[in-house]
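# Fold and geometry: a report
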Amino acid sequence: MPVDESAAPSSAPAPPRPSLGIQGPVVAFQDPWAGAASDEIMRTGTGIPIPSQDPPPTPREFVGVLRDLGADFYVHHVVPTHADHSALLGDLADAGIDLVLGNEYGNINGPFADGTNRYDLPADLIRDAATAGVLAGVLYDEPEHLQIHADQYRHDAHLPHFGQTEGLGADEAVAVIDDAARGIVRDVDAATSAAGSASVPVLAEQVFPVMFHTLARAGMTPAPKVMKESFQPLQLGTALGAAVQYGRELWICADLWGPDIGPWLTRAPGFPGHSPAEFASALRLAYLFAPTRLFVENIDVLVRHRGSGAFERTAHGEVWREFVRDFVPRHPLRWSHRDARADIALVHADDSDFGRGARPFGNRATTAPATSRSVFEAWHALSHGQLPDHGSCLHIPGYDFPRHELNGIPRPRFPLDAGAAEPTRMHGLFQPTRSTLVFDEHVRADQLADAGLVVVAGSRLPRTTLEALRAHARAGATVLIAAWLCDPERSRSARVGRGSWVVYETLDDDAAQDAIAAHAGEPDVWTQRFGDVELRISATSPGGETLEFEIADAATRRVA
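Computed from a prediction, not measured in an experiment: that's the story for all the values here. (Residues numbered from 1 in each chain as written. Predicted model: local features only at pLDDT ≥ 70, side-chain atom pairs only at ≥ 80, totals over all residues. Heavy atoms only, no water.)

Helix and strand counts for the chain stand at 13 helices and 20 strands. Relative to the compact-globule value of 24 Å for 560 residues, the chain shows a C-alpha radius of gyration of 23 Å, a close match. Its C-alpha atoms put the chain at 75 × 50 × 50 Å along the principal axes. A buried classification covers 63% of the 560 residues belonging to the chain. (Helix = DSSP H or I, 4+ residues; strand = E, 2+ residues; numbered from the N terminus. Rg over C-alpha atoms; globule rule 2.2 N^0.38 Å. Buried < 20%, exposed > 50% of the residue type's maximum accessible area, 1.4 Å probe, protein only.)

Laid out in C-alpha cells, this is it:
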C-alpha cells in the first residue's frame with residue numbers, strides 16, 4: 001500500500017484513531033454470560049436455528065481472546081430472556097473494554113415494542129451499563145431493513161420497525177419514522193442521564209443504503225456495513241454524506257456475511273461470504289475513511305474455540321490481528337470523517353428504494369415513484385458505468401449468490417473447513433467515483449460549498465432547496481438537475497452567474513453527459529477527499545476484491 005504520509009496536513013493535532021471492536025458470537029459458541037439461554041433463541045437472521053458449534057468459553061476466557069485480538073470495545077447483542085447483566089458489565093470494566101448494546105436478538109425473537117417488530121433495550125440495562133462506565137453506544141440492527149421488510153422475523157402481523165406507514169405518502173411516512181427515531185434517542189438519553197453519564201450514540205447499523213439521512217436527521221448515528229452485499233462507494237458515500245450533513249459520528253461495521261464461498265472456514269452459507277484478502281482490503285478501506293469506531297461482524301469467523309480457553313485464529317482472524325497490530329499503528333490518521341469534502345454532490349430525497357421499488361418505507365399499498373430510479377442512473381453515470389443503473393446493492397435482479405449452493409448442507413455438518421474448493425467472486429470492493437457524497441433534499445447551500453458538480457435526482461425537492469441550488473450555480477458550480485424537480489422559471493438550461501444550470505430529462509442527454517464527463521475523474525480510481533487530503537483507491541484484482549491506497553495532496557476546490 002503506497003502511502004505518502006508527508007502529504008497529510010501536519011499543522012493540526014492528529015484526531016484520535018478509530019476505536020476498534022468485535023461483535024459477539026452468533027453460531028460459534030454460546031454467549032459467555034448467558035450460557036444455554038443463548039442456544040434457546042434464534043441468533044441469526046437466516047430463519048434457520050443454528051446450534052453452537054464450538055465448546056462454550058467462560059467469560060474470563062472470552063474476555064482474554066477479545067484482548068488478544070486487540071478489541072477496544074465489544075458489541076454485545078442482548079439475549080432478551082437473560083436478565084442479570086452484572087457479570088458482563090463488571091468483566092468488561094475490569095478489562096478496560098467498552099460495551100455497545102445491540103438489539104438484534106430481540107428483533108428476531110421478541111419481545112417487541114407495541115405495534116412494531118422492534119426490540120427496545122431495557123432502560124435499566126442502559127442505565128446500569130452507563131453507571132459501570134463501559135457504555136459506548138446502543139445499536140439498532142438493520143432498522144431500515146425491518147421498516148421496509150416488516151415480515152422478516154415477525155409473521156403474525158405487518159408491523160414495521162418504526163411505525164405503520166400503510167397508505168401514507170413519502171413525507172408522511174418519513175414523519176412517522178422521524179418521530180419514532182427521535183423517541184428512541186430520547187429514551188436512551190434519559191437512561192444515560194439517570195446514571196449521571198453523557199449521552200451515547202444510537203446507531204442505525206444498515207445493510208441497505210437507504211434512510212441514512214432520514215435516521216441521521218432524527219438523531220441516529222449512521223453505521224454502514226461494508227462488504228456484506230454492498231457497493232462500497234455508494235454505501236460509504238451515502239452514509240458519510242448523512243454524517244456530514246447532520247453532524248453525526250460515523251461508525252463502520254465490517255460485516256463478513258456475504259454472497260461468496262471459498263476455501264476458508266465456513267460457519268454457515270455465506271458466513272463468511274468474503275475472502276481473507278477481501279477482508280484485509282475492506283478493513284483498510286473502512287479505517288482510512290476515519291470513522292469514530294470500526295467493528296467486525298462477528299468473532300465467529302475470527303477464531304475457533306477448541307475448549308478450555310484454547311482459541312485458534314482462522315485465516316480471517318490472522319487478517320484482523322495483522323490489521324490491528326501492524327497496519328493501524330503504521331498508518332496514523334491526520335483526518336476525520338468530519339473533514340470529508342465532496343467534489344461531486346448527489347442530492348436526492350429518500351424513497352427507501354434500493355432497486356426493487358416495493359414497500360417504500362414499509363408501505364405495502366404502493367410502490368416507489370418511477371422518478372426515484374434516477375438516483376441509480378446517477379450513480380451509474382458517476383461511476384463510469386460500473387455501478388448498475390437499476391439499484392444500489394446486490395439485492396436486485398442480475399445477482400445470484402454462490403452461497404446458496406451450500407443451503408442444502410444440514411446445519412449440524414457446519415462448520416466446514418472449506419465452503420468450496422475454489423473461491424467465487426460475486427462481490428468486489430471497487431467502482432470508480434470522484435469524491436461523491438450524498439445529501440438529502442434538505443441540504444443547505446453552505447454544505448455544497450466544495451462541490452464543483454451537483455447532480456440532483458429523485459422524486460421531490462423543496463422550493464427552498466431549489467433556490468439554494470440555484471445560488472450554488474451562480475457561485476460557480478455546475479448544477480445538473482432533473483426537469484421534473486424544477487419550477488417553470490428554472491426549467492431551462494442556462495448560464496447563471498459564474499456557473500451552469502443544466503436541466504435533463506434523462507442522464508443520457510448530451511448536455512448531462514458532458515457535465516458529468518467534465519467532473520467524473522479517472523475511470524480506474526475511486527477518490528474521497530478529507531480536507532486537504534485525497535484518499536485514492538484503485539483495484540489490484542480484476543474483480544476489485546483487493547485494493548491499493550494512496551494518500552495525496554488535494555487542491556482546495558471550494559466553489560463558494
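From this point, the narrative continues.
Our next topic: the nonpolar core. Residues Phe 279, Phe 289, Trp 320, Phe 323, Leu 480, Ile 481 and Trp 501 are the most contacted members of the largest nonpolar core, which totals 161 residues. Here the element with the most residues in this core is helix H6 (residues 170-194); it accounts for 9 residues. Not counting residues up to four positions away in its chain, the partners in contact with Phe 279 are Met 227, Ala 254, Leu 256, Val 296, Leu 302, His 316, Val 319 and Trp 320. Counting 10 residues, the second largest nonpolar core, distinct from the first, contains Phe 73, Val 100, Leu 139 and Leu 203. (Core = buried A, V, L, I, M, F, W, Y, C linked by side-chain atoms within 4.5 Å. Contact = heavy atoms within 4.5 Å.)

The strand order across the open sheet formed by 4 strands is E11-E18-E19-E20, and the pairing between neighbours is antiparallel. The sheet is open, and its two borders are formed by strand E11 (340-341) and strand E20 (547-553), each paired with just one other strand. Note that E11 and strand E18 (residues 526-530) share 2 bridges and pair antiparallel. Residue Arg 341 lies in a different strand from E18, and its bridge partner there is Arg 529. The sheet strands contacting helix H8 (residues 232-246) are E11 and E18, and the helix crosses E18 at an angle near 15°. Across the sheet, helix H9 (residues 276-288) is in contact with E18, strand E19 (533-539) and E20; its angle to E20 comes to roughly 25°. (Pairing = 2+ DSSP bridges. Axes fitted to C-alpha atoms, helices over the stretch in contact; angles between N-to-C directions.)

A word on the environment of Asp 189. With respect to the helices and strands, the residue Asp 189 is situated in helix H6. Taking relative accessible area as the criterion, Asp 189 reaches 30% and is therefore assigned partly exposed. Measuring from C-alpha to C-alpha, the distance between Asp 189 and Ile 126 comes to 9.5 Å, with 63 residues separating the pair along the chain.

To continue, consider the sheet that holds strand E3 (residues 98-102). The strand order around the closed barrel built from 8 strands is E1-E2-E3-E4-E5-E6-E7-E8, with neighbouring strands paired in parallel fashion. Going from strand to strand, the sheet's axes swing by 25° on average, the running direction of each strand aside. As defined by bridge partners, strand E5 (residues 202-206) adjoins strand E6 (residues 221-227) across 4 bridges and the pair is classed as parallel. The residue bridging Glu 205 from the neighbouring strand is Ala 223, located in E6. Taken strand by strand, helix H10 (residues 315-330) contacts strand E1 (19-23) and strand E8 (293-297), and its axis lies near 175° from that of E1.

Attention now goes to the packing of aromatic side chains. According to the stated counting rule, one finds 18 aromatic pairs in the structure shown. Centre to centre, the rings of Trp 257 and Phe 271 are 4.0 Å apart; their planes meet at 5°, and the pair counts as stacked. Taken together, the residues Trp 257 in the loop between strand E7 (251-255) and H9 and Phe 271 in the loop between E7 and H9 connect sequence positions 14 residues apart. Side by side, Trp 257 and Phe 271 carry an identical accessibility label, which is buried. Put simply, the rings of Phe 29, Trp 33, Phe 62, Tyr 74 and Phe 311 pair up and form one aromatic cluster. In this structure, Arg 293 is placed above the aromatic ring of Phe 73, and the distance from its NZ or CZ to the ring centre is 5.0 Å. Above the face of the Trp 501 ring, Arg 470 is positioned so that its terminal group lies 4.8 Å from the ring centre. (Phe/Tyr/Trp six-rings, centres within 6.5 Å; stacked < 30°, edge-to-face > 60°. Lys NZ or Arg CZ within 6 Å of the ring centre and 35° of its normal.)

The end-to-end C-alpha separation of H6 is 36 Å, in line with the 36 Å expected for 25 residues at 1.5 Å each. Packed against the buried residues of H6 are helix H4 (123-131), strand E4 (135-141), helix H5 (143-148), E5 and helix H7 (212-217). Count one or two residues on from H6 and you reach Gly 196, which has phi positive near 75°. (Expected span 1.5 Å × (residues − 1).)

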